[in-house]
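These are the residues of each chain, in order.
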Amino acid sequence: MQRSAPRLSRILACAAVPVMLVAAGCSSGSDSGSGDKGSGTPDKAASSAAGTPSAAPTTKKVEPAKFAKLPEICKALSSKTIDELVPKAKNDKGTAATSSDTTSRGGCSWNGLEDKGTKGSNYRWLDVSFYRYESDATLGSGQERAADNYAKELAKVQATGGAKDLKTTKAPGVGDQADVVSYELRKTDEDFQYGSVVARTGNVVVLLSYNGAGYSGAKTPSEKWITDGALKAAKEAVAAVATANK
């Protein structure tokens, strides 16, 4: 049979396009019914997918911060302890450190030079700092954040430049975790003995440093004297946090 001109034109047009297009758009009219069924399925799936609401973003739940506030920093240590550790303190009330957020951080220090006459003079310095961390869904609980920063602060103390005979020992019974770092440091042509305590109680990190030197013939205080004094003060500072939150 001789093909009609329109039929022949259609066949030639289909032969000129790529095979994939031929299969999709140049099939014979007799298969159009099955093609409609096939093309309808994806549309329904797409419509169904579009109508399904996306899952709401989940918020990570973290443990609440244990402590909501800090103690009055310069009152965290008793006057008796100050008199014992820093005789003849210039300011027995302490000198408060500047803080832009006293609810989260603060510090206080005491220093004094005790004149012993012909036996020389004893210099002492004591300072304490508090850092409180809130719970945060992206950063973790206050306790976790405090533990992370506890480790960082301990590493800083252990990296003190010029320190000699540096030792780090655990300090059980001082908060949830504590370490005391003792070392010697040469300053102003004198030998200073240091005792630094890094402690954590809940979501609060306590840093306490105590040091001393002897002038004009007075002896440098022993490592035991300094570390015992530092630990005594650190225990009071940690206890002050709990008292402030009762």
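In this text, all values refer to a predicted model and were calculated from it rather than measured experimentally.

Draft legend 1. Quick peek at the pattern of salt bridges. Taken as a whole, this structure holds nine salt bridges when the rule is applied. Lys170 serves as the salt-bridge partner of Asp179, at 3.4 Å between the closest nitrogen and oxygen. Exposure remark for Asp179: the relative accessible area of 3% places this residue in the buried category. Judged by its relative accessible area of 65%, Lys170 falls in the exposed class.

Draft legend 2. Spatial organisation of helix 5 (residues 142–158). With 17 residues, helix 5 should cover 24 Å at 1.5 Å per step; its first-to-last C-alpha distance of 24 Å lies within 8% of that length. Buried-residue contacts for helix 5 involve strand 4 (164–170), strand 5 (177–187), strand 6 (190–201) and strand 7 (204–215).

Draft legend 3. Highlighting the sheet that holds strand 6. Spatial ordering of the open sheet is given by 1-2-3-7-6-5-4, a layout of seven strands whose pairing is antiparallel. Looking at the sheet topology across the chains shown, the edges are occupied by strand 1 (95–96) and strand 4. Bridge analysis of strand 2 (residues 105–115) against strand 3 (residues 121–132) gives eleven bridges, and the strand direction is antiparallel. For Ser109, the partnering residue across the bridge sits in strand 3 and is Asp127. Each of strand 4, strand 5, strand 6 and strand 7 touches helix 5; the most contacted strand, strand 6, lies at about 170° to it.

Draft legend 4. Quick look at the confidence of the model for the protein chain. Looking at the protein chain as a whole, the pLDDT averages 84, with 76% of positions reaching at least 70. Scored below 50 in pLDDT, residues 1–42 makes eight contacts in the model with residues more than four places away or belonging to other chains. Low pLDDT, under 50, characterises residues 44–51; the stretch is placed with zero contacts to residues that sit more than four places away or in other chains.

Draft legend 5. Up close: the pairing of strand 5. Of the pairings in the sheet, the one linking strand 4 to strand 5 comprises five bridges and is antiparallel in character. Within strand 5, the position partnered with Thr168 by the bridge is Val181. Taken together, strand 4 and the strand that follows it, strand 5, pair antiparallel across an intervening segment of six residues, in which Gly173 is found at a positive phi of about 90°. What sits between the antiparallel neighbours strand 5 and strand 6 is a turn of two residues, in which Thr188 has the positive phi angle 45°.

Reading guide: rules and limits
Residues numbered from 1 in each chain as written. Predicted model: local features only at pLDDT ≥ 70, side-chain atom pairs only at ≥ 80, totals over all residues. Heavy atoms only, no water. Salt bridge = Lys/Arg side-chain N within 4 Å of Asp/Glu carboxyl O. Buried < 20%, exposed > 50% of the residue type's maximum accessible area, 1.4 Å probe, protein only. Helix = DSSP H or I, 4+ residues; strand = E, 2+ residues; numbered from the N terminus. Expected span 1.5 Å × (residues − 1). Contact = heavy atoms within 4.5 Å. Pairing = 2+ DSSP bridges. Axes fitted to C-alpha atoms, helices over the stretch in contact; angles between N-to-C directions. pLDDT = per-residue confidence, 0-100.

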